[in-house]
Amino acid sequence: MSSSETEKAPQQTRQLTRVLRLPAIVLFGLTYMSPVAVFTTYGIVNDETAGHLPAAYVLALGVMMLTAHSYGRMVRSFPAAGSAYKYSQKVFGGHVGFLTGWTLMLDYLFLPMVSFLLAGIYLHAQFPGVPQGVWSVLVLLVVLVFNVLGVKFVSRITAIVMGVTALLLITFVTLGGIESQVSAGDALQSFVPESGQWSLLAGGAAILALSFLGFDAVSTLAEEAHNPRRTIPLGIILTTAIGGGLFILVAWVGSLVRPDNDFTNPDSAGAELMETVGGSALSGAFTAVYVLGCFGSAMVSQASVSRIIFSMGRDGLLPRRLFGRLNPRFGTPVGALLAVSAVALLSTVLTLDQAVVMINFGALAAFSMVNLSVIKHYLFGRGRKSRLGARSLLINGLLPGLGFASTVWLWTSLTGDTFVVGLLWMAVGVILLAVSTRFFTRKPPELHMEEGGEELAPGPEEITPGGTKV
């Protein structure tokens, strides 16, 4: 190997490859959201909202579209891996960036674990001779192998998962419309909360917000997407709108089929709905597709969090030798993938209730920071235009401001246990940051945005330090 090749090798192990286009990006995000996940919390949130699950999804979608807009704005200026961690770091500095990324990682680390846990529960129910933990570990190992092979391979699997999921949802919606037990005059009742029920909707929407993490997952692919300043913002908006529309449609059809919401077990409301609509055959198909959806969601959520860990490792906020390098053969962050898989092994010892408590806190906190980042960057920072027109104030001020206020509103609606777990996680992050920066006497390493080994030029709406529009 020549000296020039030797010099390039370390750099190559720290660059992701641009292989994804818009359709693959949207499928990735939708697979992460897993449209069949609407059945996971169907009974629980229906009880929480007094039978107004569709209205709770509309509220959650409205809040998430505002935040998705803010993600799209930030990607235009900073099209690199790292998600909310990267945006807040570039806008508010390394300390805030680390804590934002650390808080969001709480959700990302435990989401694959929840998927493995759910897959184990359903597979054990079908094959009781094999322990639930064994099923969870088997699914985990397959997901790990697929992610090591690369995001392009993962994108092919997500297409299959979404195709099968789409067939199930089309069947459910079609048969559900036929089996509707509601008159035409009452068909929209589940969308109209009664007086005094808005607090119930907020609590339900706070639970459902986790279902929209797919658009954050899309932002982590910025270094693996063609033309990321266009495809990633568009992919974020499409993922949020399509996924949210599917959630609302399925929840509404469910309310037409079972308007009484009287389920034997709220945790298995989805299976009961399917049996009501299509008998045992559709219920069995639902179980198979649901497990496949868990597999797909675990695969893309593991891929996403590994990119965040890789980004933080590449910056030196986590051990670089372990997390900040890519496998030279596959071009994937194997060290980060192994770390996420190790955490996911908790699926063999935790219950579903215990696992769910650990999520949601980080997502809403990170969403709030992304909304604030848009305001500071475009109105007061490097992204500010020399003259702020009405359009800029609308898209960079009012909309992210509403996004921030609404995510904080949902954040305050979380349960006490979720806050305890979230605040403890944040405390650990503060301790790690203090140690790595020698008690805040040093700045954390800067995030380096790279495209083909070179730092990216300012985006079309960025301003150079001298104030000249590029």
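Going by the structure above, here's the rest.
Rules behind the numbers
Residues numbered from 1 in each chain as written. Predicted model: local features only at pLDDT ≥ 70, side-chain atom pairs only at ≥ 80, totals over all residues. Heavy atoms only, no water. Helix = DSSP H or I, 4+ residues; strand = E, 2+ residues; numbered from the N terminus. Contact = heavy atoms within 4.5 Å. Phe/Tyr/Trp six-rings, centres within 6.5 Å; stacked < 30°, edge-to-face > 60°. Buried < 20%, exposed > 50% of the residue type's maximum accessible area, 1.4 Å probe, protein only. Lys NZ or Arg CZ within 6 Å of the ring centre and 35° of its normal.

> Please explain the environment of Trp 198 as it appears in this structure.
Here Trp 198 shows up in helix 9 (residues 198-208). Separated by 139 residues in the primary sequence, Trp 198 and Leu 59 place their C-alpha atoms 10.0 Å from one another. Not counting residues up to four positions away in its chain, the partners in contact with Trp 198 are Pro 193 and Trp 409.

> Please clarify how the packing of aromatic side chains should be interpreted in this entry.
Think of a pair of aromatic rings as described by two things: how far the centres are apart, and how the planes are tilted against each other in angle. Tallying each qualifying case throughout the model produces 15 aromatic pairs. Summarising the aromatic geometry, the rings of Tyr 57 and Phe 247 are spaced 5.2 Å apart at their centres and angled 25° between planes, so their arrangement reads as stacked. One end of the pair, Tyr 57, is in helix 4 (residues 53-77); the other, Phe 247, is in helix 11 (residues 228-257), and 190 residues separate them in sequence. The pair Tyr 57 / Phe 247 is uniform in exposure class, with both members buried. Their ring planes at 50° and their centres at 6.4 Å tell us that Phe 191 and Trp 252 sit as a pair that is tilted. One end of the pair, Phe 191, is in the loop between helix 8 (151-178) and helix 9; the other, Trp 252, is in helix 11, and 61 residues separate them in sequence. When its relative accessible area of 25% is taken as the criterion, Trp 252 is described as partly exposed. A network of ring pairs unites the aromatic residues Phe 39, Phe 172, Phe 286 and Tyr 290 as a single cluster. Arg 73 extends its terminal NZ or CZ atom over the ring of Tyr 378, reaching a point 4.4 Å from the ring centre. Across the ring face of Phe 92, the terminal group of Lys 376 is positioned such that the distance to the ring centre comes to 5.8 Å.

It is worth stressing that arrangement in space is one thing and function is another; only the former is reported here.
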